[in-house]
Amino acid sequence: MHLLTIETTCDETAAAVITDELKVLSSVVASQENLHQQFGGVVPEIASRAHVEKILPVIDQTLRKAELTLGDLDAVAVANTPGLAGSLLVGLTAAKSLCLALDIPLLAVNHLQAHVYACRLASGRDVFPCIGLIVSGGHSNLYRCNGATDFTLLGGTIDDAAGEAFDKVASLLGLPYPGGPSIGKAAAAGDPARYRFPRPLKDDRTRLDFSFSGLKTAVRYQVHGTGKLSDAAQLDEQTIADVAAGFQEAVVDCLVAKAELALQQTGYKTLCVGGGVAANGRLRERLQQSSSEGAYELHIPPMSLCTDNAVMGAIAIERLKAGKFEDLSLDVFPGLER
Ligand code: KG4
Ligand code: ZN
């Protein structure tokens, strides 16, 4: 059977065709990066308009790559939570239209659960039960995951998401959007010890939460002294690299510490990491090290499955097998983590 998955939660328009044996027949991701670059972040109105323009060509290209036609599809799955309302609506409307026209079932995908499911896809075997660490532009959450769609929130950011902090600090340093890859690249030539930034909540063992907005402010004060922003262009290249490295190390320290604490508190032996920030080289390195020292199993998907994509929508196969179909009244839930 052929499942078409659609992903439009934020600023990537993506589709994939997957079989019920989780074989990926094709996958297409159309990025809007160039549209949002000049604003230093995703502009929701621009994102939803770009989805409208790209959704049909992306679906068309996905089918052609799989050498299929619409008539070959058996079901459509779409991420309907969480995300930007206008962006989610484009994907949902396309999915509903296809289901109505083709008379095939509709399935819902929780985008955050899908990020963890990317680990299941990449490893080719069951990863549950596990602790799920989801670090993206909109979320930094820790979950107890007893099954693909059985998640309990253990903690999360009380202010900015990790990816958001990467994006904001990059913009402070005059580095291009998206900030995560720019900071990662700059940090490679930097000395993480030159600037010591705070690690908010890191040593608080009573909670599994994160806080990154103070860290961002600390970077701003460190770089600009009085807090009054000077032109980022005045910073020399080495200072930018050192600040990037120091900031990245602080974020990674917090993420690793809380993931380890969640594993200790629950007694779980598997950690699955997903979301755009999971593409960060230093985080991957530190988690590898932590997992070998802490004797837990670590799953981080390859980069292409960390950032937003439709392949991870294969999680819908689980709902399909359980007969959990949606009707055409399905809505979007932008902020709701159901
Ligand atoms: O999961 P994602 O593609 O979209 C959301 O659901 O938000 O995550 C995007 C976020 C952005 O904030 C981006 O800066 C960050 O992931 N990111 C990274 C890296 N690649 C993307 N952060 C750190 N290092 C990276 N290599
Ligand atoms: Zn995401």
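Cut-offs and rules
Residues numbered from 1 in each chain as written. Chains lettered and ligands numbered in written order. Predicted model: local features only at pLDDT ≥ 70, side-chain atom pairs only at ≥ 80, totals over all residues. Helix = DSSP H or I, 4+ residues; strand = E, 2+ residues; numbered from the N terminus. Rg over C-alpha atoms; globule rule 2.2 N^0.38 Å. Buried ≥ 20, exposed ≤ 12 C-beta atoms within 10 Å, placed from the backbone. Contact = placed C-beta atoms within 7 Å. Pairing = 2+ DSSP bridges. Axes fitted to C-alpha atoms, helices over the stretch in contact; angles between N-to-C directions. Near = placed C-beta within 6 Å. Nonpolar A, V, L, I, M, F, W, Y, C, P; charged D, E, K, R; others polar. pLDDT = per-residue confidence, 0-100. Domains from an automatic or database assignment. UniProt positions renumbered as here; feature names shortened; annotations may be inferred. Parallel < 35°, antiparallel > 145°, perpendicular 65-115°, else oblique. Left-handed = near helix turned anticlockwise from the far one by under 90°. Core = buried A, V, L, I, M, F, W, Y, C linked by C-beta atoms within 7 Å.

Asks: Give a detailed account of the overall build of the chain, specifying residues and quantitative values.
Replies: In terms of helices and strands, the chain carries 11 helices and 10 strands. Its C-alpha atoms give the chain a radius of gyration of 20 Å, within 12% of the compact-globule value 20 Å for 338 residues. Considered along the principal axes of its C-alpha atoms, the chain spans approximately 60 × 45 × 30 Å. Within the span of the chain, comprising 338 residues, buried residues form 52% of the whole. For the chain, the proportion of contacts with a sequence separation of at least 24, taken over those separated by at least 6, is 74%.

Asks: Can you explain the sheet that holds strand β9 (residues 270-274)? Please cite residues and give values.
Replies: Read across the open sheet, the 5 strands follow the order β8-β7-β6-β9-β10; overall the sheet is mixed. Of all the strands in the sheet, the pair left with one neighbour each is β8 (150-156) and β10 (297-299). The mean angle between the axes of side-by-side strands here comes to 25°, regardless of whether they run parallel or antiparallel. Note that strand β6 (residues 130-135) and strand β7 (residues 140-147) share 6 bridges and pair antiparallel. The residue bridging Leu133 from the neighbouring strand is Leu142, located in β7. Of the strands in this sheet, β6, β7, β8, β9 and β10 touch helix α4 (residues 111-123), which is tilted by about 115° from β9.

Asks: An account of the site of ligand 1 is requested, with residue identities and associated values reported.
Replies: Residues in close proximity to ligand 1 total 20 residues, the closest being Gly137, Gly163, Gly180, Gly276 and Asn280. At the level of elements, α5 (162-172) and α6 (179-187) are the ones that each hand at least two residues to the shell around ligand 1. Residues of the shell around ligand 1, tallied by class, amount to 6 nonpolar, 11 polar and 3 charged.

Asks: Tell me about the confidence of the model for the chain, and name the residues and values.
Replies: Mean pLDDT over the chain works out to 95, with 96% of the residues at or above the 70 mark. Predicted complex, confidence summary: ipTM 0.98, pTM 0.94.

Asks: Pulling in residues and values, what's your account of the pairing of strand β3 (residues 24-31)?
Replies: Summarising the sheet, strand β2 (residues 12-19) and β3 pair through 7 bridges and their orientation is antiparallel. Bridge pairing links Thr13 to Ala30 in β3. Remark: 4 residues form the turn of the hairpin made by β2 and β3, two consecutive strands paired antiparallel; Leu22 in that turn has positive phi of roughly 65°.

Asks: Tell me about the domain arrangement of the chain, and name the residues and values.
Replies: You can read the domains of the chain as domain 1 (2-115 + 308-321) and domain 2 (127-305). Placing a centre on the C-alpha atoms of domain 1 and another on those of domain 2 gives a separation of 27 Å. With 15 residues of domain 1 in contact, the opposing surface of domain 2 contributes 18 residues. Contributing elements (two or more residues each) for the side of domain 1 that touches domain 2: α1 (33-36), α4 and α11 (316-321). Top contributing element to the side of domain 1 that touches domain 2 by residue count: α4, with 3 residues.

Asks: Describe the UniProt feature "binding site: Fe cation" (unreviewed entry) in the chain, listing the residues and the values that go with them.
Replies: Within this numbering scheme, the UniProt entry marks His111, His115 and Asp308 as carrying the feature "binding site: Fe cation" (unreviewed entry). Sequence-wise these annotated residues cover 198 residues; spatially they are packed, their C-alpha atoms never more than 8.9 Å apart. The residue His111 is located in helix α4 in this model. Looking at where His115 falls in the secondary structure, it is placed in helix α4.

Asks: Tell me about the pairing of β2, and name the residues and values.
Replies: Each regular strand shows side chains that alternate between the opposite faces of the sheet. Here β2 lies mainly inside the structure; 7 of its 8 residues are buried. Direction of pairing for strand β1 (residues 2-7) relative to β2: antiparallel, over a ladder of 6 bridges. Bridging from a neighbouring strand, Ile6 pairs with Ala15 of β2. Where β1 folds back onto β2 in an antiparallel hairpin, the turn is made up of 4 residues.

Asks: Which residues make up the packing of α6 against helix α8 (residues 237-266), and what values do they have?
Replies: Look at α6 against α8: their axes get within 7 Å of each other, and the N-to-C directions meet at 115°. Between α6 and α8, the interaxial angle falls into the category roughly perpendicular. As α6 packs across α8, the resulting crossing turns out to be left-handed. Along its contact with α6, which presents Ile183, Gly184, Ala186 and Ala187, the element α8 presents Ile240, Ala241, Ala244, Ala245, Phe247 and Gln248.

Asks: Now, about the nonpolar core: what can you tell me, with residues and values included?
Replies: The biggest cluster of nonpolar side chains holds 110 residues, and the ones touching the most others in it are Val76 and Ala244. Per-element tally for this core: the top contributor is α8, with 15 residues. With near-sequence residues (within four places) excluded, Ala244 lies in contact with Leu173, Ile183, Ala186, Ala187 and Gly190.

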